[in-house]
Amino acid sequence: MTTLTAETITPANVAAACQLAVEPHQRDFVAPVAVSLAEAYTQPAVAWPRLILDDGEPVAFVMGGFDPGAELDFFRCGIWRLNVGAGVQGRGYGRFAVETVLEEARRRGNTTATVLWIPAAGGPEEFYLKLGFRPTGQTFNGEVVGRIEL
């Protein structure tokens, strides 16, 4: 039995987080963790980055975004990034990471959350649909906007 945890990014784990890489064919669908952390650094009141650990080993990275005043409604509460490490996909780490963000969204009083994905073969659309996200009919910069009721 493994123990999954979601940890705040700290000086002690930032290097491990930045070393986490997705499968090569997924690189066109998600930014590297270092880019996500740079974006989080510029928006500390909004970004919610977490390193997912399995018995202390880094396996995934997720970043939620919580900006109730965002001009675009789909940026008010949702998942900004999800990177599951190469070689460890299909073990429930992505699901755990998403649920961690959704749990935080509920804790903050949100009733819906969003995620955006590139609609292309090999992309994450099927994963998000299985988790309950549904396309809203909106797109942003060519990405599908998905929403889930909390």
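Throughout what follows, the structure given in this document is the object of discussion. (Residues numbered from 1 in each chain as written. Predicted model: local features only at pLDDT ≥ 70, side-chain atom pairs only at ≥ 80, totals over all residues. Heavy atoms only, no water.)

1. Quick look at helix α2 (residues 33–42)
Step number 1: Every buried residue of α2 is listed here: Val-33, Ser-36, Leu-37 and Ala-40. End-on view of α2: buried residues confined to an arc of 100°, all on one side of the axis. Within α2, the exposed residues directed more than 90 degrees away from the buried face are Tyr-41 and Thr-42. (Buried < 20%, exposed > 50% of the residue type's maximum accessible area, 1.4 Å probe, protein only. Helix = DSSP H or I, 4+ residues; strand = E, 2+ residues; numbered from the N terminus. Arc of directions from axis to C-beta.)

2. Details of the pattern of salt bridges
Step number 1: Scanning the model with the defined rule gives 5 salt bridges in all.
Step number 2: With a closest N to O distance of 3.1 Å, Arg-81 and Glu-39 form a salt bridge. One end of the pair, Arg-81, is in strand β4 (residues 77–84); the other, Glu-39, is in helix α2, with 42 residues separating them in the sequence.
Step number 3: Classification of Arg-81 as buried rests on a relative accessible area of 17%.
Step number 4: Salt-bridge contacts for Glu-104 lead to Arg-107; the nearest nitrogen and oxygen are separated by 2.6 Å. Taken together, the residues Glu-104 and Arg-107, both in helix α3 (residues 93–107) and 3 residues apart, mark about one turn of the helix.
Step number 5: For Arg-107, a relative accessible area of 61% gives the class exposed.
Step number 6: It is possible to trace a salt-bridge network through shared partners that takes in Glu-104, Arg-107 and Arg-108. (Salt bridge = Lys/Arg side-chain N within 4 Å of Asp/Glu carboxyl O.)

3. Side note on the side chain of Ser-36
Step number 1: Summarising the element assignment, Ser-36 is placed in helix α2.
Step number 2: A relative accessible area of 0% means that Ser-36 is categorised as buried.
Step number 3: Among the polar contacts listed, one links the side chain of Ser-36 to the side chain of Arg-81, at a separation of 2.7 Å.
Step number 4: When neighbours within four sequence positions are excluded, Ser-36 is seen to be in contact with Ala-31, Phe-61, Met-63 and Arg-81. (Polar contact = N/O pair within 3.5 Å; in protein donor to acceptor, adjacent residues only side chain to side chain. Contact = heavy atoms within 4.5 Å.)

4. As for α3
Given 3.6 residues to a turn, an α-helix orients residues that are three or four positions apart in the same direction.
Step number 1: In this model, α3 (15 residues) spans 21 Å end to end at C-alpha, consistent with the 21 Å of a helix rising 1.5 Å per residue.
Step number 2: Regarding α3, the residues found buried are Tyr-93, Gly-94, Ala-97, Val-98, Thr-100, Val-101, Leu-102, Glu-104 and Ala-105.
Step number 3: Gly-109 sits one or two positions beyond α3 and adopts a positive phi of about 90°. (Expected span 1.5 Å × (residues − 1).)

5. Overview of the packing of aromatic side chains
Step number 1: Counted according to the given criterion, the structure contains 7 aromatic pairs.
Step number 2: Cluster of aromatic residues (ring-pair linked, three or more members): Trp-117, Phe-127, Tyr-128 and Phe-133.
Step number 3: In this arrangement the basic side chain of Arg-50 is found over the ring face of Trp-48, its NZ or CZ atom lying 3.9 Å from the centre. (Phe/Tyr/Trp six-rings, centres within 6.5 Å; stacked < 30°, edge-to-face > 60°. Lys NZ or Arg CZ within 6 Å of the ring centre and 35° of its normal.)

6. Thoughts on the nonpolar core
Taken as a class, soluble globular proteins show a tendency for nonpolar side chains to be buried jointly.
Step number 1: Val-62, Ile-79, Leu-82, Val-98, Tyr-128 and Phe-133 are the most contacted members of the largest nonpolar core, which totals 25 residues.
Step number 2: Listing elements by their share of this core, those giving two or more residues are β2 (47–54), β3 (57–66), β4, α3, β5 (112–117), α4 (125–131) and β7 (143–149).
Step number 3: Looking at which element gives the most residues to this core, the answer is α3, with 6 residues.
Step number 4: Setting aside anything within four residues of it in sequence, one finds Tyr-128 in contact with Ile-79, Leu-82, Val-98, Val-115, Trp-117 and Phe-133.
Step number 5: Listed in part, the 11 residues of the second largest apolar core include Ala-40, Leu-51, Leu-53 and Met-63. (Core = buried A, V, L, I, M, F, W, Y, C linked by side-chain atoms within 4.5 Å.)

Function-wise, these values are silent; they only describe arrangement.
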